[in-house]
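Structural overview
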Amino acid sequence: MFTSTTDRGPETPIRLMVIIGSVRPGRVGLSVALWVHEHVTARGGFDIDFVDLAELNLPPVDEHRLPRTGQYGRKHTAAWSERVQNADAFLFVSPEINSSFSPCLKNALDFLFSEWSRKPVGLVSYGGKGGGAFGVAALRPVLSDLGLVTASSHLNISRVSEQVDDGFFLPSDDQIARLDGLLDELRALAPALRSVRESTLVAS
Ligand SMILES: Cc1cc2nc3c(=O)[nH]c(=O)nc-3n(C[C@H](O)[C@H](O)[C@H](O)COP(=O)(O)O)c2cc1C
């Protein structure tokens with residue numbers, strides 16, 4: 001959960017939600033996401049809410065009304081809504097599964113609608129040979145439907161398990177540079193899109 005207040009001055013850290021898109025026992029994604037968390041923390045400028053979908057434990061979407069209504073009957077949806085609403089930007093760490101992206105990430109996205117809208121998202125994908133490129137291609141239209149703005153920089157990690165040792169992901173210099181590029185873009189997009197959200201609220 002975020003600890004910051006509602007004061008959103010220019011120097012205020014960006015509230016970045018990092019979501020681990022795998023719930024599988026023995027998942028490699030946890031090592032990748034922990035490296036992302038550590039790198040973002042060391043870099044500074046972001047207030048991180050680390051979401052482990054295994055801990056969040058959402059059921060398959062079980063709401064009666066459509067997410068666009070914003071009317072939720074389940075406690076877990078209301079809690080998830082509040083948490084996502086509080087984020088300024090997102091970073092999804094997702095495996096490639098059968099040439100698509102993580103089904104549990106899709107389910108977590110499908111629960112909500114306006115909470116995602118006009119916010120930036122960065123993608124870190126990983127997998128076997130493909131490095132998650134097909135997963136990212138499948139994810140992009142979903143993000144677009146939800147009004148998320150996808151950063152053009154991204155990090156694809158091929159043969160991810162070869163870079164994990166004793167639970168630690170060991171990044172290459174190029175991967176660190178790519179993650180930094182992604183974070184730079186989120187830093188630029190988050191305040192700009194916050195202004196868009198605020199002006200839209202005033203206009204409507
Ligand atoms: C059912 C299944 C399908 C997969 N399909 C792909 C695929 O299409 N492309 C790919 O690059 N890797 C594929 N993989 C490899 C996974 O991306 C890789 O095992 C990854 O580590 C899974 O993430 P996790 O360990 O965090 O759960 C697949 C793995 C599984 C279990």
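Up top you'll find the structure we're talking about.
Everything quoted here is computed from the prediction, not taken from an experiment.

Basis of the calculations
Residues numbered from 1 in each chain as written. Predicted model: local features only at pLDDT ≥ 70, side-chain atom pairs only at ≥ 80, totals over all residues. Heavy atoms only, no water. Near = heavy atom within 4 Å. Polar contact = N/O pair within 3.5 Å; in protein donor to acceptor, adjacent residues only side chain to side chain. Areas by Shrake-Rupley, 256 points an atom, 1.4 Å probe, with all protein chains shown as cover. Buried < 20%, exposed > 50% of the residue type's maximum accessible area, 1.4 Å probe, protein only. Helix = DSSP H or I, 4+ residues; strand = E, 2+ residues; numbered from the N terminus. Pairing = 2+ DSSP bridges. Right-handed = clockwise from strand over helix to strand, strands pointing away. 1 Å grid on protein atoms, 1.4 Å probe; cavity = no way out; pocket = protein on both sides within 12 Å on 5 of 7 lines; lining within 4 Å. Points joined across faces, edges and corners; volume = space filled by probe spheres on them. Salt bridge = Lys/Arg side-chain N within 4 Å of Asp/Glu carboxyl O. Axes fitted to C-alpha atoms, helices over the stretch in contact; angles between N-to-C directions. Contact = heavy atoms within 4.5 Å.

In this section: the site of the ligand. In the vicinity of the ligand there are 16 residues, among which Ser-22, Arg-24, Gly-29, Glu-96 and Tyr-126 approach most closely. Between the ligand and Asn-98, the relevant distance is 2.8 Å, taken from a nitrogen atom to a main-chain nitrogen or oxygen of the residue. Note that an oxygen atom of the ligand is positioned 2.9 Å from one of the backbone N or O atoms of Gly-128. Within the complex, 70% of the 620 Å² of free accessible area of the ligand lies under protein.

Another aspect to go through is the pairing of strand 2 (residues 46-52). Most of strand 2 sits out of view: six of its seven residues are buried. Two strands pair when backbone bridges link them, and strand 1 (residues 14-20) and strand 2 are joined in this way by seven bridges, in the parallel orientation. Residue Val-18 lies in a different strand from strand 2, and its bridge partner there is Phe-50. Taken together, strand 1, helix 1 (residues 29-43) and strand 2 constitute a β-α-β crossover, and its handedness is right-handed.

Structurally, Ala-79 can be placed in helix 3 (residues 75-85). In sequence terms Ala-79 and Leu-56 are 23 residues apart; their C-alpha atoms lie 10.0 Å from each other.

Following the criterion strictly, the structure yields one cavity of 30 Å³ or more and no others. Empty space within the largest cavity amounts to approximately 60 Å³. Lining the largest cavity are Phe-92, Ser-94, Pro-95, Glu-96, Phe-101, Leu-123, Val-124, Ser-125, Gly-132, Gly-135, Val-136 and Leu-139. Counting only elements with at least two residues in the lining of the largest cavity, the list comes to strand 3 (89-95), strand 4 (120-126) and helix 5 (133-145).

This part takes up the environment of Ile-97. In this structure, Ile-97 sits in the loop between strand 3 and helix 4 (103-110). C-alpha of Ile-97 to C-alpha of Phe-134: the two residues are 37 residues apart in sequence and 9.0 Å apart in space.

Bringing the pattern of salt bridges into the picture now. For the coordinates displayed, the defined rule picks out 10 salt bridges. Between Asp-52 and Arg-27 there is a salt bridge; the shortest N-O distance is 2.8 Å. With Asp-52 in strand 2 and Arg-27 in the loop between strand 1 and helix 1, this pair connects stretches of sequence that are 25 residues apart. Here Asp-52 falls in the buried class, since its relative accessible area comes to 9%. Residue Arg-27 is classed as buried on the basis of its relative accessible area of 15%. In this structure, Asp-62 engages Arg-74 in a salt bridge whose closest nitrogen and oxygen atoms are separated by 3.6 Å. Taken together, the positions of Asp-62 in the loop between helix 2 (53-56) and helix 3 and Arg-74 in the loop between helix 2 and helix 3 put the pair 12 residues apart, joining distant regions of the chain.

What follows deals with the sheet that holds strand 5 (residues 149-157). Backbone hydrogen bonds are what pair the strands of a sheet, in a parallel or an antiparallel way. Overall, parallel pairing links the five strands, which are arranged 2-1-3-4-5 in an open sheet. Each edge of the open sheet carries a strand with a single partner, namely strand 2 and strand 5. Averaged over all pairs of adjacent strands, the angle between strand axes in this sheet comes to 20°, irrespective of strand direction. Two elements, strand 3 and strand 4, share six bridges in a ladder whose sense is parallel. Each bridged residue has a counterpart across the sheet, and for Leu-91 the counterpart in strand 4 is Gly-122. Against the sheet, helix 1 touches strand 1, strand 2, strand 3, strand 4 and strand 5, its axis set at about 165° to strand 2.

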